[in-house]
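Structural overview
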Amino acid sequence: MNIKLIAVGKLKEKYFKDAVLEYSKRLSRFGRLEITELADEKIPDNPSAKQIELIKEKEGRAILSQLKENTYFIALCIEGKEISSEEFAGKLSSLAMQ
């Protein structure tokens, strides 16, 4: 299984970078992991709702441009539904079988 992680913004904190290395190592047993970090759009001070929406659209287009046709993708977002590690692993396992 090939897993491509697309992130908006660069990891700066050492503990996040260390976590990425650890999970990359763990996932390498199950398939190939590729991590792509996209530049985040600059947000002005006190942005309007319209400006925020335009930035989200622009970043969304950048993410979609990285996806190949017929790719199954999962969007992860802080406001999204929270699932456990076990549930996520089960989902990945199910996808690997397909």
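Structural data are supplied above this passage.
I will try to describe carefully the structure that is included in this document.

The rules behind these values
Residues numbered from 1 in each chain as written. Predicted model: local features only at pLDDT ≥ 70, side-chain atom pairs only at ≥ 80, totals over all residues. Heavy atoms only, no water. Helix = DSSP H or I, 4+ residues; strand = E, 2+ residues; numbered from the N terminus. Buried < 20%, exposed > 50% of the residue type's maximum accessible area, 1.4 Å probe, protein only. Contact = heavy atoms within 4.5 Å. Areas by Shrake-Rupley, 256 points an atom, 1.4 Å probe, with all protein chains shown as cover. Lys, Arg positive; Asp, Glu negative; His and termini not counted. Charge placed at Lys NZ, Arg CZ, Asp CG, Glu CD. Pairing = 2+ DSSP bridges. Right-handed = clockwise from strand over helix to strand, strands pointing away. Salt bridge = Lys/Arg side-chain N within 4 Å of Asp/Glu carboxyl O. Phe/Tyr/Trp six-rings, centres within 6.5 Å; stacked < 30°, edge-to-face > 60°. Lys NZ or Arg CZ within 6 Å of the ring centre and 35° of its normal.

Description of the overall build of the protein
When helices and strands are tallied, the protein shows three helices and two strands. Written out in order from the N terminus, the α and β elements of the protein read β-α-β-α-α. A buried classification covers 8% of the 98 residues belonging to the protein. Contacts in the protein between residues at least 24 apart in sequence constitute 66% of all its contacts with a sequence separation of at least 6. Summing over all exposed atoms, the protein offers an accessible surface of approximately 8,600 Å²; the carbon and sulfur share of this is 56%. The centroid of the 17 positive side-chain charges in the protein is displaced by 5 Å from the centroid of its 16 negative side-chain charges.

So, the pairing of strand S1 (residues 2–8)
Relative to strand S2 (residues 32–38), S1 runs parallel, the two being bridged by seven bridges. Following the sheet pairing, Ile6 is matched in S2 by Thr36. You can see the chain leave S1, run along helix H1 (residues 14–27) and come back into S2, and the turn it takes is right-handed.

Here's the deal with the side chain of Glu59
Position of Glu59 relative to the elements: it lies in helix H2 (residues 49–64). Despite its burial, Glu59 remains without a salt bridge, the nearest opposite charge being carried by Lys42 at 8.6 Å.

Looking at the side chain of Thr36
Take Thr36: it is sitting in strand S2. Those residues within four positions of Thr36 in sequence are excluded, and the remaining contacts are Lys4, Leu5, Ile6, Ala7 and Gln66.

Brief notes about the pattern of salt bridges
As enumerated under the stated definition, the model contains seven salt bridges in all. For Glu22, the salt bridge identified is with Arg26, shortest N-O distance 3.0 Å. A residue pair is termed a helical-turn pair when its members lie 3 or 4 positions apart in one helix, as Glu22 and Arg26 do in helix H1 at four residues. Residue class for Glu22 comes out partly exposed when judged on its relative accessible area of 30%. Measuring nitrogen to oxygen at the nearest pair gives 4.0 Å for the salt bridge that ties Lys42 to Asp40. On the basis of relative accessible area, Asp40 is assigned to the partly exposed category, the value being 36%. One network of salt bridges, with partners in common, ties together Lys4, Arg32 and Glu34.

Here we look at the packing of aromatic side chains
Within this structure, the stated rule accounts for one aromatic pair. In this structure, Arg26 packs its charged tip against the face of Tyr23, placed 5.1 Å from the ring centre.

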